[in-house]
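# Residue-level structural notes
Chain by chain, the residues run as shown.
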Amino acid sequence: RGDNFLRSSGDSKQLTELTVFAWDAYKHGEKVHDTAQPTQALKMYQVFKQRSQDLKSQQQEELISKYGGQEHMEAPQELIYGQTDDYVEYARDGRVLKGRERAYVKSKYEEDVLVGNHSS
């Protein structure tokens, strides 16, 4: 598999994330060094991740409380992954040769209704 597989597996990915975090924190003025003080760097990284998760969940709660839509967050998996293995064969003119005929989607809007004595 090679070296690239080993770089992206196990603890090496976490170590790389910690190193990048330490570089960014040092760039922004924090006194942290991942090699000299690994425990301090790891604790700062854990606090940073926890705060970012808390902020993300707080923002999501604020959006839901302001705009609503909690019922859409808990959608059934059948709707999210709406793929089927139904095999259908069509003729050149659009008729169904094998399989099941698709049901026509009914629109919630009225069609071909002329309002106010108008004509098209």
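What you see is a predicted model, and the numbers here were worked out from it, not measured in a lab.

### Considerations on the environment of Lys98
Relative to the helices and strands, Lys98 is located in strand S2 (residues 96–98). Take Lys98: its relative accessible area is 49%, and that puts it in the partly exposed class. Linking Lys98 and Val88, residues ten residues apart in sequence, is a C-alpha distance of 5.4 Å.

### Structural notes on the side chain of Asp34
Here Asp34 lies in the loop between helix H2 (11–27) and helix H3 (38–67). Of the side chains bearing the opposite charge, Lys27 lies closest to the buried Asp34, which forms no salt bridge; the N-O distance is 14 Å. Among the polar contacts listed, one links the side chain of Asp34 to the side chain of Thr19, at a separation of 3.1 Å. With near-sequence residues (within four places) excluded, Asp34 lies in contact with Thr19, Ala22 and Ala41.

### Considering the packing of aromatic side chains
The geometry of two aromatic rings is summed up by the distance between their centres and the angle between their planes. The final tally for this structure, using the stated rule, is two aromatic pairs. Centroid distance Phe21 to Tyr45: 5.3 Å. Interplanar angle 55 degrees. Geometry classified as tilted. A residue pair is termed long-range when its members are at least 10 positions apart, and Phe21 in helix H2 and Tyr45 in helix H3 qualify at 24 residues. On the basis of relative accessible area, Tyr45 is assigned to the buried category, the value being 13%. Clustering of aromatic rings is evident, with ring pairs tying together Phe21, Tyr45 and Phe48.

### Examining the nonpolar core
One finds Leu18, Phe21, Ala25, Val32, Ala41 and Tyr45 forming the largest nonpolar core, which totals six residues. Listing elements by their share of this core, those giving two or more residues are H2 and H3. In terms of residues, this core owes the most to one element, H2, which gives three residues. If sequence neighbours within four positions are ignored, Tyr45 has contacts with Glu17, Leu18 and Phe21.

### Overview of the pattern of salt bridges
Applying the stated criterion across every chain yields a total of two salt bridges. In this structure, Lys98 engages Glu89 in a salt bridge whose closest nitrogen and oxygen atoms are separated by 4.0 Å. With its nearest N and O atoms 2.9 Å apart, the salt bridge here joins Arg95 to Asp93.

### Things to note about H2
When the terminal C-alpha atoms of H2 are compared, their 24 Å separation across 17 residues agrees well with the 24 Å that a helix rising 1.5 Å per residue should span. The set of residues buried in H2 consists of Leu18, Thr19, Phe21, Ala22 and Ala25. When H2 is viewed along its axis, its buried side chains cluster within an angular range of 165 degrees and face the same direction. In H2, the exposed positions angled more than 90 degrees off the buried face are occupied by Lys13, Trp23 and Lys27. Looking at the packing, one finds that the buried side of H2 touches H3. Phi turns positive, to about 100 degrees, at Gly29, one or two residues after H2.

Scoring rules and cut-offs
- Residues numbered from 1 in each chain as written.
- Predicted model: local features only at pLDDT ≥ 70, side-chain atom pairs only at ≥ 80, totals over all residues.
- Heavy atoms only, no water.
- Helix = DSSP H or I, 4+ residues; strand = E, 2+ residues; numbered from the N terminus.
- Buried < 20%, exposed > 50% of the residue type's maximum accessible area, 1.4 Å probe, protein only.
- Lys, Arg positive; Asp, Glu negative; His and termini not counted.
- Salt bridge = Lys/Arg side-chain N within 4 Å of Asp/Glu carboxyl O.
- Polar contact = N/O pair within 3.5 Å; in protein donor to acceptor, adjacent residues only side chain to side chain.
- Contact = heavy atoms within 4.5 Å.
- Phe/Tyr/Trp six-rings, centres within 6.5 Å; stacked < 30°, edge-to-face > 60°.
- Core = buried A, V, L, I, M, F, W, Y, C linked by side-chain atoms within 4.5 Å.
- Expected span 1.5 Å × (residues − 1).
- Arc of directions from axis to C-beta.

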